[in-house]
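# Examination of the molecular architecture
What follows is the residue order along each chain.
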Amino acid sequence: MKMKKRSYQLIIALAIILLASGLIYQNRSQSQSKQHQYVQSHTPTLFFHGGGSNYHAEEYMVNAAVKAGVTKTVVRAFVDQNGKVTLKGHLSGQAINPIVEVNYADNRSVDFKQYGQYATNVVRKLETVYHFKQINMVGHSAGNISLIYYELLNGNKANMPKIKRQVDIAGHFAGLKFANVPPAIRQPSHLQLDKKGRPHPMNASYREMTKVRQLYAKKQLAVLNIIGDVGDQTDGTVANVSTRSLKYLVQPGVSHYEVMKVNGKQAQHSKLHHNQQVNRKLIQFIWAK
(Lines give C-alpha, C1' and ligand atoms only; values in the text may rest on other atoms or scores of the structure.)
Protein backbone atom coordinates (compact mmCIF):
# COMPACT_ATOMS: atom_id res chain seq x y z
CA MET A 1 0.00 0.00 0.00
CA LYS A 2 2.84 2.32 0.93
CA MET A 3 4.65 1.47 -2.32
CA LYS A 4 1.53 2.30 -4.36
CA LYS A 5 1.14 5.60 -2.49
CA ARG A 6 4.80 6.49 -3.11
CA SER A 7 4.49 5.56 -6.79
CA TYR A 8 1.38 7.72 -7.09
CA GLN A 9 3.15 10.65 -5.42
CA LEU A 10 6.16 10.18 -7.71
CA ILE A 11 3.93 10.21 -10.79
CA ILE A 12 2.20 13.41 -9.58
CA ALA A 13 5.58 15.05 -8.87
CA LEU A 14 6.91 14.12 -12.32
CA ALA A 15 3.73 15.42 -13.96
CA ILE A 16 4.09 18.74 -12.15
CA ILE A 17 7.75 19.01 -13.19
CA LEU A 18 6.91 18.23 -16.82
CA LEU A 19 4.01 20.71 -16.82
CA ALA A 20 6.20 23.43 -15.32
CA SER A 21 8.96 22.71 -17.82
CA GLY A 22 6.47 22.90 -20.65
CA LEU A 23 5.10 26.23 -19.44
CA ILE A 24 8.61 27.65 -19.06
CA TYR A 25 9.52 26.47 -22.56
CA GLN A 26 6.26 27.85 -23.97
CA ASN A 27 6.74 31.23 -22.29
CA ARG A 28 10.36 31.36 -23.44
CA SER A 29 9.33 30.48 -27.01
CA GLN A 30 6.58 33.11 -26.96
CA SER A 31 9.03 35.70 -25.63
CA GLN A 32 11.58 34.82 -28.33
CA SER A 33 8.84 34.91 -30.98
CA LYS A 34 7.83 38.42 -29.86
CA GLN A 35 11.42 39.62 -29.92
CA HIS A 36 11.88 38.34 -33.48
CA GLN A 37 9.14 40.74 -34.63
CA TYR A 38 11.24 43.75 -33.68
CA VAL A 39 14.64 45.20 -34.47
CA GLN A 40 17.31 44.28 -31.93
CA SER A 41 18.93 47.68 -31.52
CA HIS A 42 20.74 49.62 -28.80
CA THR A 43 19.15 52.88 -29.99
CA PRO A 44 17.19 54.50 -27.13
CA THR A 45 13.68 55.90 -27.63
CA LEU A 46 12.84 59.04 -25.64
CA PHE A 47 9.24 59.95 -24.71
CA PHE A 48 8.31 63.60 -23.99
CA HIS A 49 5.07 64.56 -22.22
CA GLY A 50 2.88 67.58 -22.88
CA GLY A 51 2.30 70.83 -21.06
CA GLY A 52 1.12 70.59 -17.45
CA SER A 53 1.83 66.86 -17.52
CA ASN A 54 4.58 64.44 -16.47
CA TYR A 55 6.07 61.05 -17.30
CA HIS A 56 2.89 59.24 -16.16
CA ALA A 57 1.30 60.35 -19.45
CA GLU A 58 3.94 58.29 -21.27
CA GLU A 59 3.54 55.11 -19.24
CA TYR A 60 0.60 53.60 -21.14
CA MET A 61 2.53 53.77 -24.42
CA VAL A 62 5.74 52.56 -22.79
CA ASN A 63 4.03 49.69 -20.99
CA ALA A 64 2.42 48.62 -24.26
CA ALA A 65 5.88 48.40 -25.85
CA VAL A 66 7.21 46.36 -22.92
CA LYS A 67 4.20 44.02 -23.00
CA ALA A 68 4.64 43.53 -26.74
CA GLY A 69 8.20 42.31 -26.14
CA VAL A 70 9.97 45.33 -27.64
CA THR A 71 12.22 45.91 -24.62
CA LYS A 72 12.85 45.07 -20.98
CA THR A 73 14.68 48.30 -20.18
CA VAL A 74 12.87 51.49 -19.09
CA VAL A 75 14.60 54.36 -17.31
CA ARG A 76 13.49 57.90 -16.42
CA ALA A 77 15.20 61.22 -16.93
CA PHE A 78 14.07 63.93 -14.51
CA VAL A 79 14.82 67.52 -15.58
CA ASP A 80 14.64 70.15 -12.83
CA GLN A 81 13.73 73.80 -13.39
CA ASN A 82 17.39 74.67 -13.94
CA GLY A 83 17.73 72.02 -16.65
CA LYS A 84 19.77 69.57 -14.55
CA VAL A 85 19.11 65.95 -15.50
CA THR A 86 18.91 63.06 -13.03
CA LEU A 87 18.55 59.50 -14.30
CA LYS A 88 16.57 56.87 -12.42
CA GLY A 89 17.24 53.28 -13.41
CA HIS A 90 20.14 51.59 -15.17
CA LEU A 91 20.59 51.63 -18.93
CA SER A 92 23.21 49.13 -20.05
CA GLY A 93 25.07 49.84 -23.26
CA GLN A 94 23.88 46.41 -24.40
CA ALA A 95 20.19 46.99 -23.62
CA ILE A 96 17.84 46.12 -26.48
CA ASN A 97 15.48 48.92 -27.62
CA PRO A 98 15.75 50.83 -24.31
CA ILE A 99 13.10 53.45 -23.50
CA VAL A 100 13.61 56.71 -21.60
CA GLU A 101 10.62 58.45 -20.01
CA VAL A 102 11.45 62.17 -19.77
CA ASN A 103 9.94 64.33 -17.03
CA TYR A 104 10.11 68.16 -16.93
CA ALA A 105 9.68 69.87 -13.56
CA ASP A 106 8.81 73.10 -15.40
CA ASN A 107 5.96 71.64 -17.42
CA ARG A 108 4.01 74.82 -18.17
CA SER A 109 6.67 76.90 -19.90
CA VAL A 110 5.78 78.76 -23.09
CA ASP A 111 9.47 79.22 -23.89
CA PHE A 112 9.95 76.83 -26.81
CA LYS A 113 13.73 77.23 -26.84
CA GLN A 114 13.79 76.06 -23.23
CA TYR A 115 12.09 72.81 -24.29
CA GLY A 116 14.84 72.31 -26.83
CA GLN A 117 17.52 72.94 -24.24
CA TYR A 118 15.92 70.51 -21.79
CA ALA A 119 15.80 67.81 -24.48
CA THR A 120 19.42 68.53 -25.38
CA ASN A 121 20.45 68.19 -21.73
CA VAL A 122 18.72 64.81 -21.50
CA VAL A 123 20.42 63.50 -24.63
CA ARG A 124 23.82 64.79 -23.50
CA LYS A 125 23.42 63.11 -20.11
CA LEU A 126 22.49 59.80 -21.72
CA GLU A 127 25.20 60.00 -24.37
CA THR A 128 27.90 60.82 -21.82
CA VAL A 129 27.04 57.68 -19.88
CA TYR A 130 26.06 55.27 -22.65
CA HIS A 131 27.73 56.55 -25.86
CA PHE A 132 25.11 56.09 -28.59
CA LYS A 133 24.97 57.88 -31.94
CA GLN A 134 21.25 57.66 -32.78
CA ILE A 135 17.97 58.22 -30.95
CA ASN A 136 14.25 57.86 -31.54
CA MET A 137 11.92 60.53 -30.15
CA VAL A 138 8.20 60.50 -29.32
CA GLY A 139 6.33 63.66 -28.31
CA HIS A 140 2.78 64.39 -27.23
CA SER A 141 1.33 67.92 -27.45
CA ALA A 142 3.99 70.35 -26.16
CA GLY A 143 6.39 67.41 -26.08
CA ASN A 144 6.62 67.76 -29.85
CA ILE A 145 8.25 71.16 -29.40
CA SER A 146 11.15 69.39 -27.66
CA LEU A 147 11.66 67.30 -30.80
CA ILE A 148 11.67 70.27 -33.20
CA TYR A 149 13.89 72.44 -31.02
CA TYR A 150 16.30 69.59 -30.30
CA GLU A 151 16.87 69.45 -34.05
CA LEU A 152 17.13 73.24 -34.27
CA LEU A 153 19.82 73.25 -31.58
CA ASN A 154 21.73 70.14 -32.66
CA GLY A 155 20.96 69.32 -36.29
CA ASN A 156 24.35 70.59 -37.45
CA LYS A 157 26.41 69.22 -34.54
CA ALA A 158 28.42 66.15 -35.51
CA ASN A 159 28.98 65.19 -31.87
CA MET A 160 25.27 64.98 -30.97
CA PRO A 161 23.11 61.89 -31.59
CA LYS A 162 20.90 62.07 -34.66
CA ILE A 163 17.17 61.40 -34.66
CA LYS A 164 16.39 58.17 -36.54
CA ARG A 165 12.63 57.89 -36.03
CA GLN A 166 10.31 60.64 -34.81
CA VAL A 167 6.68 60.27 -33.71
CA ASP A 168 4.62 63.44 -33.20
CA ILE A 169 1.26 63.08 -31.44
CA ALA A 170 -1.28 65.94 -31.25
CA GLY A 171 1.29 68.63 -32.00
CA HIS A 172 0.32 72.32 -31.98
CA PHE A 173 3.02 73.43 -34.42
CA ALA A 174 1.08 76.31 -36.03
CA GLY A 175 -0.31 77.48 -32.70
CA LEU A 176 -2.96 77.02 -30.02
CA LYS A 177 -6.44 78.53 -30.11
CA PHE A 178 -6.30 79.81 -26.53
CA ALA A 179 -6.78 83.50 -25.83
CA ASN A 180 -4.46 83.40 -22.82
CA VAL A 181 -1.36 82.17 -24.69
CA PRO A 182 1.21 84.70 -25.98
CA PRO A 183 0.58 85.96 -29.53
CA ALA A 184 3.81 84.30 -30.69
CA ILE A 185 2.35 80.82 -30.12
CA ARG A 186 -1.35 81.57 -30.65
CA GLN A 187 -3.00 80.04 -33.69
CA PRO A 188 -3.80 82.83 -36.16
CA SER A 189 -7.41 83.42 -37.15
CA HIS A 190 -8.56 81.77 -40.39
CA LEU A 191 -5.47 79.56 -40.49
CA GLN A 192 -5.11 77.57 -43.69
CA LEU A 193 -2.44 75.32 -45.20
CA ASP A 194 -1.23 75.46 -48.77
CA LYS A 195 -0.37 72.38 -50.86
CA LYS A 196 3.03 72.10 -49.19
CA GLY A 197 1.45 72.21 -45.75
CA ARG A 198 2.70 75.72 -45.09
CA PRO A 199 0.38 77.69 -42.78
CA HIS A 200 -1.08 81.07 -43.73
CA PRO A 201 -0.98 83.34 -41.82
CA MET A 202 2.08 82.26 -39.82
CA ASN A 203 2.75 83.16 -36.18
CA ALA A 204 6.21 84.03 -34.82
CA SER A 205 6.95 80.65 -33.24
CA TYR A 206 6.19 78.72 -36.43
CA ARG A 207 8.30 81.15 -38.44
CA GLU A 208 11.19 80.37 -36.08
CA MET A 209 10.59 76.64 -36.48
CA THR A 210 10.81 76.82 -40.28
CA LYS A 211 14.59 77.08 -39.83
CA VAL A 212 14.49 73.34 -39.10
CA ARG A 213 13.62 72.59 -42.73
CA GLN A 214 17.22 72.89 -43.87
CA LEU A 215 18.37 70.73 -40.93
CA TYR A 216 15.95 67.93 -41.81
CA ALA A 217 16.94 68.12 -45.46
CA LYS A 218 18.16 64.86 -47.02
CA LYS A 219 18.32 63.00 -43.68
CA GLN A 220 17.56 59.32 -43.27
CA LEU A 221 14.83 60.17 -40.81
CA ALA A 222 11.30 58.74 -40.69
CA VAL A 223 8.51 60.88 -39.24
CA LEU A 224 5.03 59.77 -38.13
CA ASN A 225 2.43 62.48 -37.44
CA ILE A 226 -0.57 61.26 -35.39
CA ILE A 227 -3.68 63.45 -35.50
CA GLY A 228 -6.82 63.16 -33.40
CA ASP A 229 -10.28 64.18 -34.60
CA VAL A 230 -13.24 63.98 -32.22
CA GLY A 231 -15.57 65.06 -35.04
CA ASP A 232 -14.93 68.77 -35.50
CA GLN A 233 -11.48 68.79 -37.12
CA THR A 234 -9.84 69.09 -33.70
CA ASP A 235 -8.79 66.68 -30.98
CA GLY A 236 -10.78 68.84 -28.58
CA THR A 237 -7.71 70.94 -27.77
CA VAL A 238 -5.60 71.34 -30.91
CA ALA A 239 -6.99 72.04 -34.37
CA ASN A 240 -6.09 69.48 -37.04
CA VAL A 241 -4.82 72.30 -39.25
CA SER A 242 -2.18 73.12 -36.63
CA THR A 243 -1.12 69.48 -36.25
CA ARG A 244 -0.92 68.97 -40.01
CA SER A 245 1.42 71.93 -40.37
CA LEU A 246 4.26 69.59 -39.32
CA LYS A 247 4.41 68.51 -42.97
CA TYR A 248 5.99 71.77 -44.11
CA LEU A 249 8.65 71.60 -41.40
CA VAL A 250 9.90 68.13 -42.37
CA GLN A 251 9.11 67.71 -46.07
CA PRO A 252 10.58 67.22 -48.59
CA GLY A 253 13.76 66.77 -46.54
CA VAL A 254 13.16 63.60 -44.51
CA SER A 255 13.30 60.13 -46.06
CA HIS A 256 9.76 59.19 -44.93
CA TYR A 257 6.74 61.18 -43.74
CA GLU A 258 3.46 59.54 -42.76
CA VAL A 259 0.17 60.77 -41.27
CA MET A 260 -2.17 58.69 -39.15
CA LYS A 261 -5.57 60.11 -38.25
CA VAL A 262 -7.50 58.73 -35.28
CA ASN A 263 -11.24 59.42 -35.07
CA GLY A 264 -13.85 59.29 -32.33
CA LYS A 265 -13.98 59.82 -28.59
CA GLN A 266 -10.65 58.07 -28.00
CA ALA A 267 -9.02 60.59 -30.35
CA GLN A 268 -9.42 63.32 -27.75
CA HIS A 269 -6.17 65.19 -27.05
CA SER A 270 -5.33 63.69 -23.65
CA LYS A 271 -6.63 60.23 -24.63
CA LEU A 272 -4.34 59.81 -27.63
CA HIS A 273 -1.51 58.62 -25.37
CA HIS A 274 -3.93 56.05 -23.90
CA ASN A 275 -5.16 54.75 -27.24
CA GLN A 276 -4.53 51.15 -28.33
CA GLN A 277 -4.62 52.09 -32.01
CA VAL A 278 -1.89 54.67 -31.39
CA ASN A 279 0.16 52.14 -29.42
CA ARG A 280 0.04 49.54 -32.18
CA LYS A 281 1.07 52.05 -34.83
CA LEU A 282 3.82 53.56 -32.69
CA ILE A 283 5.33 50.15 -31.92
CA GLN A 284 5.18 49.10 -35.57
CA PHE A 285 6.65 52.38 -36.82
CA ILE A 286 9.62 52.52 -34.45
CA TRP A 287 10.58 48.89 -33.85
CA ALA A 288 9.02 46.52 -36.37
CA LYS A 289 11.43 44.74 -38.72
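Calculation rules
Residues numbered from 1 in each chain as written. Predicted model: local features only at pLDDT ≥ 70, side-chain atom pairs only at ≥ 80, totals over all residues. Heavy atoms only, no water. Phe/Tyr/Trp six-rings, centres within 6.5 Å; stacked < 30°, edge-to-face > 60°. Helix = DSSP H or I, 4+ residues; strand = E, 2+ residues; numbered from the N terminus. Buried < 20%, exposed > 50% of the residue type's maximum accessible area, 1.4 Å probe, protein only. Lys NZ or Arg CZ within 6 Å of the ring centre and 35° of its normal. Axes fitted to C-alpha atoms, helices over the stretch in contact; angles between N-to-C directions. Parallel < 35°, antiparallel > 145°, perpendicular 65-115°, else oblique. Left-handed = near helix turned anticlockwise from the far one by under 90°. Contact = heavy atoms within 4.5 Å. Nonpolar A, V, L, I, M, F, W, Y, C, P; charged D, E, K, R; others polar.

### Some words on the packing of aromatic side chains
Applying the stated criterion across every chain yields a total of six aromatic pairs. Relative to Tyr115, the ring of Tyr104 lies with its centre 6.0 Å away and its plane at 25°, an arrangement referred to as stacked. Of this pair, Tyr104 sits in strand E4 (residues 99–104) while Tyr115 sits in helix H3 (residues 112–130); the two residues are eleven residues apart in sequence, bridging distant segments of the chain. For the pair shown, Tyr104 and Tyr115 are each scored as buried. Ring centres 6.4 Å apart and planes at 45° place the aromatic pair Phe112 and Tyr115 in the tilted group. With Phe112 and Tyr115 both in helix H3, this residue pair falls three residues apart, about one helical turn. Residue classification places Phe112 among the buried residues on the basis of a relative accessible area of 8%. Tyr115 gets classed as buried once you look at its relative accessible area, which sits at 4%. Each residue in the set Phe48, Tyr104, Phe112, Tyr115, Tyr118 and Tyr149 is aromatic and connected to the rest through ring pairs, giving one cluster. Lying across the ring of Phe285, Arg165 places its NZ or CZ 5.3 Å from the centre.

### Quick word on the packing of helix H2 (residues 56–68) against helix H9 (residues 276–287)
Between H2 and H9, the least distance of the axes is 10 Å, while the angle of their chain directions is 60°. Taken together, the axes of H2 and H9 are oblique relative to one another. Judged by the twist between their axes, the crossing of H2 over H9 is right-handed. Contacts between H2 and H9 involve Tyr60, Met61, Ala64, Ala65 and Ala68 from the first element and Gln276, Asn279, Leu282, Ile283 and Trp287 from the second. Class assignment of the residues belonging to the contact of H2 with H9 gives a composition of eight nonpolar, two polar and no charged.

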